[in-house]
Amino acid sequence: MAILALVRPFTLLAPVLGTICAAGVAAAYLERPWATPTLLFACVSAIAATAASNAWNQVFDAEIDRANKPHRPIVSGAVSRERARAIGHVAAILAVVAGALATPAFLACVLVGLGATWIYSAPPWRTKRLTYGALW
């Protein structure tokens, strides 16, 4: 249950809906049928990338969460920072593998997204602490 609280499943719906909508637009534009296996890999990748982002964010925001969201799994002691970081890394690897099985273009998007997430949340960059970094 603590792992579910770490990856925050309710946040996983938006990336899946975005992936499905983008696939529908692309299929219509290209006048091709939907490629179901590709779409499934893309959805798994989007879910895993978001889960990684959520886990990493909680690792690096534990002190902020201690004051604002004391029920979060790291702050409450349900999950250690090390385990949460490992869960984030495993989710990111799953996102990359599933993205590679989808399409090269989707994989590129996943890699950019994961990189941007890390730069936003993790030291030494942690652009979240900067006004302009929080805007991109």
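Each remark here, short or long, concerns the structure printed above.
Structural notes, computed from the coordinates. What you see is a predicted model; the values in this text were computed from it and never measured.

Definitions and limits used
- Residues numbered from 1 in each chain as written.
- Predicted model: local features only at pLDDT ≥ 70, side-chain atom pairs only at ≥ 80, totals over all residues.
- Heavy atoms only, no water.
- Helix = DSSP H or I, 4+ residues; strand = E, 2+ residues; numbered from the N terminus.
- Buried < 20%, exposed > 50% of the residue type's maximum accessible area, 1.4 Å probe, protein only.
- Core = buried A, V, L, I, M, F, W, Y, C linked by side-chain atoms within 4.5 Å.
- Contact = heavy atoms within 4.5 Å.
- Patch = residues over 30% accessible without salt bridge, like charges linked within 9 Å, V, L, I, M, F, W, Y side chains within 5 Å.
- Areas by Shrake-Rupley, 256 points an atom, 1.4 Å probe, with all protein chains shown as cover.
- Salt bridge = Lys/Arg side-chain N within 4 Å of Asp/Glu carboxyl O.
- Axes fitted to C-alpha atoms, helices over the stretch in contact; angles between N-to-C directions.
- Parallel < 35°, antiparallel > 145°, perpendicular 65-115°, else oblique.
- Left-handed = near helix turned anticlockwise from the far one by under 90°.
- Nonpolar A, V, L, I, M, F, W, Y, C, P; charged D, E, K, R; others polar.

### A word on the side chain of Arg 72
Line of reasoning, step 1. Considering the arrangement of structural elements, one finds Arg 72 in the loop between helix H4 (62-68) and helix H5 (73-76).
Line of reasoning, step 2. On the accessibility criterion, Arg 72 (8% relative accessible area) is buried.

### Thoughts on the nonpolar core
Among soluble globular proteins, nonpolar side chains are generally buried collectively.
Line of reasoning, step 1. The biggest cluster of nonpolar side chains holds 21 residues, and the ones touching the most others in it are Leu 6, Ala 52, Trp 56, Ile 74, Ala 84, Ala 95 and Leu 114.
Line of reasoning, step 2. Within the residue set of this core, elements represented by two or more residues are helix H1 (2-7), helix H3 (36-60), helix H6 (81-102) and helix H7 (104-121).
Line of reasoning, step 3. At eight residues, H3 tops the list of elements feeding residues into this core.
Line of reasoning, step 4. Residues contacting Leu 6, with those up to four places away along its chain left out, are Asn 54, Ala 55, Gln 58, Pro 73, Ile 74, Val 79, Ala 84 and Ile 87.

### Things to note about a nonpolar patch on the surface
Line of reasoning, step 1. Judged by side-chain polarity, Phe 41, Ile 93, Val 97 and Leu 101 come together as a nonpolar surface patch covering roughly 360 Å² of accessible area.
Line of reasoning, step 2. For the nonpolar patch, the leading source of residues is H6, giving three residues.

### Considerations on the packing of helix H2 (residues 13-30) against H3
Line of reasoning, step 1. H3 packs onto H2 with a crossing angle of 150° between their chain directions and a minimal axis gap of 9 Å. Comparing their axes, H3 and H2 come out roughly antiparallel. Crossing hand, H2 versus H3: right-handed. Taking contact as the criterion, the partners of Pro 15, Val 16, Thr 19, Ile 20 and Ala 23 in H2 are, on H3, Leu 39, Ala 42, Cys 43, Ala 46, Ile 47 and Thr 50.
Line of reasoning, step 2. Among the residues making up the contact of H2 with H3, the classes are represented as nine nonpolar, two polar and no charged.

### Regarding the pattern of salt bridges
Line of reasoning, step 1. Applying the stated rule across the entire model yields five salt bridges.
Line of reasoning, step 2. Here Arg 81 makes a salt bridge to Glu 63, at a shortest N to O gap of 2.9 Å. Of this pair, Arg 81 sits in helix H6 while Glu 63 sits in helix H4, and the two are 18 residues apart along the sequence.
Line of reasoning, step 3. In this structure, Asp 65 engages Arg 72 in a salt bridge whose closest nitrogen and oxygen atoms are separated by 3.4 Å.
Line of reasoning, step 4. Among the residues examined, Asp 65 registers a relative accessible area of 5% and is labelled buried.

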